[in-house]
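# Overview (structure and organization)
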Amino acid sequence: MEKIKSKDYLQVTFSKRRNGLFKKASELCTLCGAETAIVLYSPAGKAFSFGHPCVESTMDKFLATASLIEIGKSSLGVHSFPDYHRNIGINKLNRHINELVNQLEAEKKYGESFTQMEMANKDQFLWNKPIKNLEFHELEQLRVSMEELKIKMVNRTEGLKRASMLSSSIDINQVGRTEDEGVQ
């Protein structure tokens, strides 16, 4: 055997062989229940991959096992590799569950404190109470508060109108000066 010299034939042969290789890997997965991952690079440098159940999970499992083999070689194989790998995953999941439980408890406490603050403040403001439940002096206080609010809103609106008119007149005056300066 020798390498094909023609680029066209090389590409066609690569495509056919790639499909055959992927088909064989698929059959291996189906018949034996094996997990496989294949990564190929074409002569043009384009990557092709096949994996069952998927390339990423199979490669992660392979890399984790490879690192465990290195750990096992250095520690003379104290743990069996599949059990060690499974225990690492279980420990990660347990930590994640504990973090989620802690977050849930913190949110519940926050919700309870917020509800308590809301209940304490609810009675403090007259506008939070139904009007039917207010006594005469409370109704009078509410009327005075609303009149004060109305006056403040009118004053604020007038102030904003004046500021708007003032800024627009300044802009017009500046434009006029700029045109006059250009004429001189």
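Before reading on, note that the structure itself is shown above.
The notes below deal with the structure included here. (Residues numbered from 1 in each chain as written. Predicted model: local features only at pLDDT ≥ 70, side-chain atom pairs only at ≥ 80, totals over all residues. Heavy atoms only, no water.)

With that settled, consider the overall build of the protein chain. On a plain count of helices and strands, the protein chain comes out with four helices and two strands. For the protein chain, the N- to C-terminal ordering of α and β elements is α-β-β-α-α-α. Taking as baseline every contact in the protein chain between residues at least 6 positions apart, the subset at least 24 positions apart corresponds to 19%. As presented, the protein chain carries roughly 16,000 Å² of accessible surface, and 60% of it is formed by carbon and sulfur atoms. (Helix = DSSP H or I, 4+ residues; strand = E, 2+ residues; numbered from the N terminus. Contact = heavy atoms within 4.5 Å. Areas by Shrake-Rupley, 256 points an atom, 1.4 Å probe, with all protein chains shown as cover.)

Before going further, it helps to examine a nonpolar patch on the surface. On the surface, Met 59, Phe 62 and Leu 63 cluster together into a nonpolar patch covering about 300 Å² of accessible area. Structurally, Met 59 can be placed in helix 2 (residues 55-75). Exposure remark for Met 59: the relative accessible area of 31% places this residue in the partly exposed category. (Patch = residues over 30% accessible without salt bridge, like charges linked within 9 Å, V, L, I, M, F, W, Y side chains within 5 Å. Salt bridge = Lys/Arg side-chain N within 4 Å of Asp/Glu carboxyl O. Buried < 20%, exposed > 50% of the residue type's maximum accessible area, 1.4 Å probe, protein only.)

Another point: the environment of Phe 50. Secondary-structure assignment places Phe 50 in strand 2 (residues 47-52). For the pair formed by Phe 50 and Leu 40, sequence separation is 10 residues and the distance between their alpha carbons is 8.8 Å. Discounting residues that sit within four places of it in the chain, Phe 50 has contacts with Phe 22, Ala 25, Ser 26, Cys 29, Thr 36, Ala 37, Ile 38 and Val 55.

Glancing now at the side chain of Thr 58. Take Thr 58: it is sitting in helix 2. Take Thr 58: its relative accessible area is 10%, and that puts it in the buried class. Polar contacts involving the side chain of Thr 58 include one to the main-chain carbonyl oxygen of Cys 54, which spans 2.9 Å. Setting aside its immediate chain neighbours within four residues, Thr 58 contacts Glu 35, Thr 36, Ala 37, His 52 and Pro 53. (Polar contact = N/O pair within 3.5 Å; in protein donor to acceptor, adjacent residues only side chain to side chain.)

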